[in-house]
Amino acid sequence: MLILLPPSEGKTPAARGSAVDWPSLSFPELNTYRAKVLEALGTVSAHEDALALLGVGASLQDDVERNTRLHAEPAAPAHQIYSGVLYDALGYKTLTPAQRRKADGSVLVISALWGAIRFADRVPAYRLSMGTALPDVGRLASFWKPQLSAALAESVSGHLLVDCRSSTYAAAWAPPPAQTVAVNVFTQVNGVRKVVSHFAKHTRGELARHLLARRGNAPQTPVQLLKATREKWAAELVDGSARKPHTLNIILPN
């Protein structure tokens, strides 16, 4: 089983430490493309209209300035850098050592800057969304799609993929539909379902934690994933097709 996560928009910078060690990153075949995105991001972030070009507000000025020096910024494991609702719910720090090892091997983060990384990969904090377009790179989801398809093919082969990404990050890579289950979260009031974005992030983080922390074998099929999910939530499975992944719908109580 592999769990696909988006990065958090907010990140916690490392206070100290060495800069990113490119050869040590997972999927080193992506390094050429990572370097191209990092260079374009640094150029845009130094522009006088950087905030507008990156689609962020004035409160994120320091984050954008940090983008101009990412080669030298302290790096830390991705599970420390990424913060926010989903990652708080996952709670990596409170997992047991065995569960952390499982997370390090089972979680893939699809990133606008790094393409794909694992939890133990050391990276600096950065500010960049997959929905952004950069000079000489273009729209990042389109840029990464062929690169990730090639780089991840062998690593995901034979695994059940639990896709907890948002639509913005799902656009960057379409894993094999037959082995992928996209996770949706709804509330239901008077028989009417509503998508709740904040609670969706939180519940996806809780689901990731549950799958990493529960006893027994990891789910190997969509049906086994449904069974594991129903240990904590009301849920249903919608079968996929040759072109569409399966869908796991979690229904939260009103």
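Residues numbered from 1 in each chain as written. Predicted model: local features only at pLDDT ≥ 70, side-chain atom pairs only at ≥ 80, totals over all residues. Heavy atoms only, no water.

### Thoughts on the nonpolar core
Counted only if it meets this: Nonpolar core, defined: a set of buried Ala, Val, Leu, Ile, Met, Phe, Trp, Tyr and Cys residues in which side-chain atoms within 4.5 Å join the residues together. Using a 1.4 Å probe on the protein chains alone, a residue whose accessible area is under 20% of its type maximum counts as buried, one over 50% counts as exposed, and one in between counts as partly exposed. Each helix is a run of H or I in the DSSP string that is no shorter than four residues. Each strand is a run of E no shorter than two, and both are numbered from the N terminus. A contact between two residues is defined here by any heavy atoms of the two lying within 4.5 Å.
Membership of the largest hydrophobic core comes to 82 residues, with the highest contact counts inside it found for Ile 3, Trp 114, Leu 128, Leu 134 and Val 162. Sort the elements by how many residues they give to this core and helix 7 (residues 140-156) lands first, with eight residues. Once you skip the residues sitting within four places of it in the chain, Leu 134 turns out to touch Val 37, Ala 40, Leu 41, Val 44, Leu 54, Leu 128 and Leu 140.

### Thoughts on the pattern of salt bridges
For clarity, the threshold we go by: Salt bridges are defined as contacts in which a side-chain nitrogen from Lys or Arg sits within 4 Å of a carboxyl oxygen from Asp or Glu.
Inspection of the entire model under this criterion finds seven salt bridges. Glu 236 is paired through a salt bridge with Arg 193; the nearest N and O atoms lie 2.7 Å apart. Taken as a pair, Glu 236 in strand 11 (residues 234-238) and Arg 193 in strand 10 (residues 192-195) lie far apart in primary sequence, 43 residues in all. Judged by its relative accessible area of 34%, Arg 193 falls in the partly exposed class. Salt-bridge contacts for Glu 231 lead to Arg 214; the nearest nitrogen and oxygen are separated by 2.7 Å. Of this pair, Glu 231 sits in the loop between helix 10 (222-229) and strand 11 while Arg 214 sits in the loop between helix 9 (197-213) and helix 10, and the two are 17 residues apart along the sequence. Connected through shared salt-bridge partners, Asp 63, Arg 66, Arg 69, Glu 73 and Arg 127 make up one network.

### A closer look at the packing of helix 1 (residues 31-45) against helix 7
Applied cut-off: Angles run from 0 to 180 degrees between N-to-C directions of axes, and those axes are lines fitted to C-alpha atoms, restricted for helices to the stretch in contact. An angle below 35 degrees is read as roughly parallel, one above 145 as roughly antiparallel, one from 65 to 115 as roughly perpendicular, and any other as oblique. As a working rule, the residues Ala, Val, Leu, Ile, Met, Phe, Trp, Tyr, Cys and Pro are called nonpolar, Asp, Glu, Lys and Arg charged, and the rest polar, with Gly in that last group.
Between helix 1 and helix 7, the least distance of the axes is 11 Å, while the angle of their chain directions is 170°. Judged on the interaxial angle alone, helix 7 and helix 1 are roughly antiparallel. Residues Tyr 33, Arg 34, Lys 36 and Val 37 of helix 1 form the contact with helix 7, whose own contacting residues are Leu 140, Phe 143, Trp 144 and Gln 147. The residue makeup of the contact of helix 1 with helix 7, split by class, is five nonpolar, one polar and two charged.

### Let's talk about the environment of Asn 217
Counting through the fold element by element, Asn 217 comes out in the loop between helix 9 and helix 10. In this structure the C-alpha to C-alpha distance between Asn 217 and Met 1, which are 216 residues apart in sequence, comes to 9.7 Å.

### Here we look at the packing of aromatic side chains
Quick reminder of the rule: Stacked, tilted and edge-to-face are the three classes assigned to paired rings of Phe, Tyr and Trp, where Trp is represented by its six-membered ring and a pair needs centres within 6.5 Å; plane angles under 30 degrees give stacked, over 60 edge-to-face, the rest tilted. Whether a charge lies above a ring is judged from NZ of Lys or CZ of Arg, which has to be within 6 Å of the ring centre and within 35 degrees of the ring normal.
Taken as a whole and judged by the stated rule, the model has seven aromatic pairs. Pairing Tyr 87 with Phe 119 gives two aromatic rings, centres 6.2 Å apart and planes at 45°, and the pair type is tilted. Of the two residues, Tyr 87 sits in helix 5 (residues 85-90) while Phe 119 sits in the loop between strand 4 (115-118) and strand 5 (122-123), which places them 32 residues apart along the sequence. There is no split in this pair, since Tyr 87 and Phe 119 are both buried. Members of the aromatic cluster, connected to one another through ring pairs, are Tyr 82, Tyr 87, Tyr 92, Phe 119 and Tyr 126. Between the NZ or CZ atom of Lys 11 and the centre of the ring of Tyr 126, over which it lies, the distance is 4.3 Å. The ring of Phe 186 has Arg 193 lying over it, and the distance from NZ or CZ to the ring centre is 5.9 Å.

### Section: the environment of Asn 31
Note that Asn 31 resides in helix 1. Between the alpha carbons of Asn 31 and Leu 212 there is a distance of 29 Å; along the sequence they are 181 residues apart. The residues contacting Asn 31, other than those within four sequence positions of it, are Trp 22, Pro 23 and Leu 25.

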